[in-house]
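Each chain, letter by letter, is given below.
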Amino acid sequence: MSILLTGGTGYIGSHVAVAVAQLGHEIVLYDNLSNSDEAVVTQIAQIIGRPLTFIRGDIRDTQLLQLTLRAHGVAVVVHLAGLKAVGESLVSPLDYYGNNVQGTISLMQAMKAEGVRKIVFSSSATVYGQPKYLPLDEAHSLSATSPYGRSKIHIEELLRDVAVSDPSWSIACLRYFNPAGAHDTFLMGDNPKGTPNNLMPFIAQVAMGKRARLEVFGDDFETEDGTGLRDYIHIMDLAEGHAAALEFLGSSQGWHAINLGTGQPYSVLQMIRSFESVSGAAVPFEISARRPGDVAACYANANKAKSVLGWAAKRNLREICESTWRFQQTLAQRLK
Ligand code: NAD
Ligand code: UFG
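1. Comments concerning the nonpolar core
Next, step 1: Formed by 44 residues in total, the largest nonpolar core has its most connected members in L5, I27, I44, L260 and L309.
Next, step 2: Per-element tally for this core: the top contributor is helix α8 (residues 235-250), with nine residues.
Next, step 3: Once you skip the residues sitting within four places of it in the chain, L260 turns out to touch L174, R175, Y176, F177, I233, L238, G241, H242, A305, L309 and W311.
Next, step 4: Judged by nonpolar contacts, the second largest core, of 27 residues, contains L4, V28, L159 and C173.

2. Quick word on unusual backbone geometry
Next, step 1: Between L134 and the following residue, P135, the backbone shows a cis peptide bond with an omega angle of -5 degrees.
Next, step 2: As for its position among the elements, P135 is in the loop between β5 (118-124) and α6 (147-165).
Next, step 3: You will see that L33, though not glycine, has its phi angle at about 60 degrees, which is positive.
Next, step 4: Unlike most non-glycine residues, F186 shows phi in positive territory, near 65 degrees.

3. Quick notes on the sheet that holds strand β12 (residues 266-267)
Next, step 1: Read across the sheet, three strands follow the order β12-β9-β14 without closing on themselves; strand pairing throughout is mixed. Strands with a single pairing partner mark the edges of an open sheet, and in this sheet they are β12 and β14 (297-298).
Next, step 2: When strand β9 (residues 229-230) meets β12, the two strands line up antiparallel, connected through two bridges. Of the residues in β12, the one forming a bridge with R230 is Y266.

4. Considering the site of ligand 2
Next, step 1: Neighbouring ligand 2 are 20 residues; S124, N198, E215, R230 and D294 lie closest to it.
Next, step 2: Between ligand 2 and L199, the relevant distance is 2.8 Å, taken from an oxygen atom to a main-chain nitrogen or oxygen of the residue.
Next, step 3: Taking F217, its main chain carries an N or O atom lying 2.9 Å from an oxygen atom of ligand 2.
Next, step 4: Protein contacts shield 90% of the accessible area of ligand 2, which totals 680 Å² for the unbound molecule.
Next, step 5: With four residues, strand β8 (residues 214-217) is the largest single contributor of residues to the shell around ligand 2.
Next, step 6: Each residue belonging to the shell around ligand 2 can be placed in one class, and the counts come to ten nonpolar, six polar and four charged.

5. A closer look at the site of ligand 1
Next, step 1: In the region of ligand 1, 28 residues are neighbours, and I12, D31, N35, S36 and Y148 sit closest.
Next, step 2: One of the backbone nitrogen or oxygen atoms of S34 is found 3.0 Å away from an oxygen atom of ligand 1.
Next, step 3: Between N35 and ligand 1, the recorded distance is 2.7 Å, taken from a side-chain N or O atom to an oxygen atom.
Next, step 4: For ligand 1, the accessible surface in isolation is 810 Å², of which the surrounding protein chains cover 96%.
Next, step 5: Elements that contribute at least two residues to the shell around ligand 1 include exactly α1 (11-21), β5 and α6.
Next, step 6: Looking at the shell around ligand 1 residue by residue, the class counts come to ten nonpolar, 13 polar and five charged.

The rules behind these values
- Residues numbered from 1 in each chain as written.
- Chains lettered and ligands numbered in written order.
- Predicted model: local features only at pLDDT ≥ 70, side-chain atom pairs only at ≥ 80, totals over all residues.
- Heavy atoms only, no water.
- Core = buried A, V, L, I, M, F, W, Y, C linked by side-chain atoms within 4.5 Å.
- Buried < 20%, exposed > 50% of the residue type's maximum accessible area, 1.4 Å probe, protein only.
- Helix = DSSP H or I, 4+ residues; strand = E, 2+ residues; numbered from the N terminus.
- Contact = heavy atoms within 4.5 Å.
- Pairing = 2+ DSSP bridges.
- Near = heavy atom within 4 Å.
- Polar contact = N/O pair within 3.5 Å; in protein donor to acceptor, adjacent residues only side chain to side chain.
- Areas by Shrake-Rupley, 256 points an atom, 1.4 Å probe, with all protein chains shown as cover.
- Nonpolar A, V, L, I, M, F, W, Y, C, P; charged D, E, K, R; others polar.

This is how it looks when you write it as structure tokens:
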């Protein structure tokens, strides 16, 4: 089967690409490289042991998408392309709605025109907003504290409307919790352009000496040690969750929202300590003010993924920290 991955050279896309290519599928990566590097294509080819197709393009370019879907006989799309920095979305909401929502409409129009009716969408636990109860299941109400979060809700809703209007569509919205860690080969991992927004790449860069210290955003939350609790899911588990979702779409119709998380929360201080213990490197930090919009705790009820997809996360926090650290060292070697 031929699978198009929008955002395929990004952090999550590159890992999903490897996981599905290793199941024997043909993969076509489609990315405008706004937050990734074309060198990832070579790394993926190295890992899977065969060449692959990369198209440099924007998801708002409906015509190029149509040509790509047609030329490669694409059967399913995994739609990961999008802007994802919460703070930036507060400053530039139109960019977020334009890129994420308009981009998805453009993709769906191209798919409709080319008769492609199966899509996996990268949604996020951010659609639950301020949790009313924990752990979060898929029946929890949706709300958002940023234009980024609202763009995910808008996209989920528009995808549901499309599925209702035409029952031949099969749509899975995967609500990721906190993806972290690197590929088993340590050739790929989270390597954001500029200053990392997320905790794990930031910790890793401090441990490597690339940054002086980590700012811990608040130690006065209603949690055991006062810092934020999150559900960190190993990127390899997340990638395998996509492979399971692709199989599920082969035999299902309609719109489905499914959490991809572990159900096990860790605090920021626990993350720092775990990383220090695995790497042997120090992670200096200082406590600063809460980051606007951050919730105290966010973790998944992952039962639906188990029952519907037959998937559950297998890897632990130690493996997340270890792979992140080894990836950072590989990266440093490569840049020497
Ligand atoms: P990423 O930035 O590494 O990857 C996204 C990719 O999309 C990048 O390669 C970027 O160049 C590309 N892109 C952006 N706009 C595009 C456009 N208009 N046309 C073509 N390509 C475009 O981010 P990621 O962490 O791999 O995230 C992938 C998806 O998962 C995103 O939709 C993100 O919102 C979602 N998500 C991520 C997290 C997380 O913590 N990483 C959590 C929940 C959901
Ligand atoms: N944190 C710090 N210092 C930092 C970065 C983060 O203390 O420099 C803290 C945050 O306050 C939070 C935790 O580390 O308590 C995790 O923060 P991240 O930014 O790594 O992740 P978030 O949970 O805020 O958000 C992430 C993605 C969103 C996604 C969400 C889904 O960035 O895109 O997970 O749960 F929607």
